[in-house]
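Given next are the chains, with one letter for each unit.
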Amino acid sequence: MKEALAAGADEAHLVVCTGVDTLESSISALVIAEAIKNIGKVDLILCGEGSGDNYSSQVGSRVAELLNLPQVGYASEIKIQGDSVLVTRSLEDCEEVLEVKLPAVVTVVADLNQPRIPSVTQILKAGRKPKKIMSVDDLNLELPEAGTETVSNLAPEVQRKRIKVKDAAELVKALQAEGLMGRG
Amino acid sequence: MNIVVAMKQIPDLQQIRIRNRKPVLDDVPLTFGNIDKNALEAGARCKEETGGQLIVVSVGS
């Protein structure tokens, strides 16, 4: 959480769900929506297009639905204009620009910006910023049973290439052929 | 203008090892997803433009 506070956030709210092994998207969205309601007046809700681990890309849309707010997905540019937001979406062969009334939920794509690297002072200051840690009970929320079950989670099998080399020169040649050496 | 960024704490993908085709998550520190960091940056820029509060919300098990 400190990482986010150092990179520009003013406050951090963490909801701890104990007794749950994996949080499926519908439950994460439910908890996030409730935490947002708890904050009070919120004008803009931003999410990544998908998480770094499961990448279900559902939570942004689900939160919008639960809060009954308009939602725009895969934004590559965001511009606030008074009480609305101008969002550009880079689609396969065109750019779509939408004007959305606030409050709204926007999910963003990775190439929208370059995240800043916080300075040492910002990192030190982050420790003093308000952090709120809540439990699901604090939000008066009862979590439903998970509707999905992860049956297996396996890395793809990779076949060894079994390339035999006699000397270093041949090894270099083989690596170059695979694009693993001498690039650029 | 109050902006909320929802971020997910995930195991650091650079430090996960694969054993028997399964990810080994022991002792892997938590970090935020890369795209979440882009969302935070977008929030920070909007906030700098308009003022207000930037709040990060995260859910963890």
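Relevant structure appears above.
Cut-offs used in this document
Residues numbered from 1 in each chain as written. Chains lettered and ligands numbered in written order. Predicted model: local features only at pLDDT ≥ 70, side-chain atom pairs only at ≥ 80, totals over all residues. Heavy atoms only, no water. Contact = heavy atoms within 4.5 Å. Buried area = accessible area lost by both parts, 1.4 Å probe. Salt bridge = Lys/Arg side-chain N within 4 Å of Asp/Glu carboxyl O. Polar contact = N/O pair within 3.5 Å; in protein donor to acceptor, adjacent residues only side chain to side chain. Helix = DSSP H or I, 4+ residues; strand = E, 2+ residues; numbered from the N terminus.

Trainee: In this structure, what is going on with the interface of chain B and chain A? I would like to understand it.
Mentor: Interfaces are often sized by the accessible area lost when the parts come together. At the junction of the two partners, chain B supplies 45 residues and chain A supplies 54 residues. For the pair chain B and chain A, the summed buried area comes to about 4,200 Å², and 59% of that belongs to carbon and sulfur atoms. By the criterion of area lost to chain A, the three top residues of chain B are R21, I35 and V59 of chain B, representing 16% of everything that side buries. Where chain B packs against chain A, one counts 6 salt bridges. As a salt-bridge pair, K8 of chain B and D53 of chain A come within 3.1 Å of each other at their nearest N and O atoms. At the boundary of chain B with chain A, the tally comes to 25 residue pairs in polar contact (both at pLDDT 80 or more). Taken together, the elements giving at least two residues each to the side of chain B that touches chain A come down to strand 1 (3–6), strand 2 (9–11), strand 4 (22–24), strand 5 (30–32), helix 1 (34–50) and strand 6 (54–60) of chain B. Top contributing element to the side of chain B that touches chain A by residue count: helix 1 of chain B, with 16 residues.

Trainee: What exactly am I supposed to notice about unusual backbone geometry here?
Mentor: All names here are of chain A. Note the cis peptide between L102 and P103, where omega equals 0°. Relative to the elements of secondary structure, P103 occurs in the loop between strand 5 (95–101) and strand 6 (104–108). Even without being glycine, Y55 reaches a positive phi, approximately 50°. For Y55, the location among the structural elements is in the loop between strand 2 (44–48) and helix 3 (59–67). Even without being a glycine, R162 presents a positive backbone phi close to 50°. Take R162: it is sitting in the loop between strand 7 (131–135) and helix 5 (168–177).

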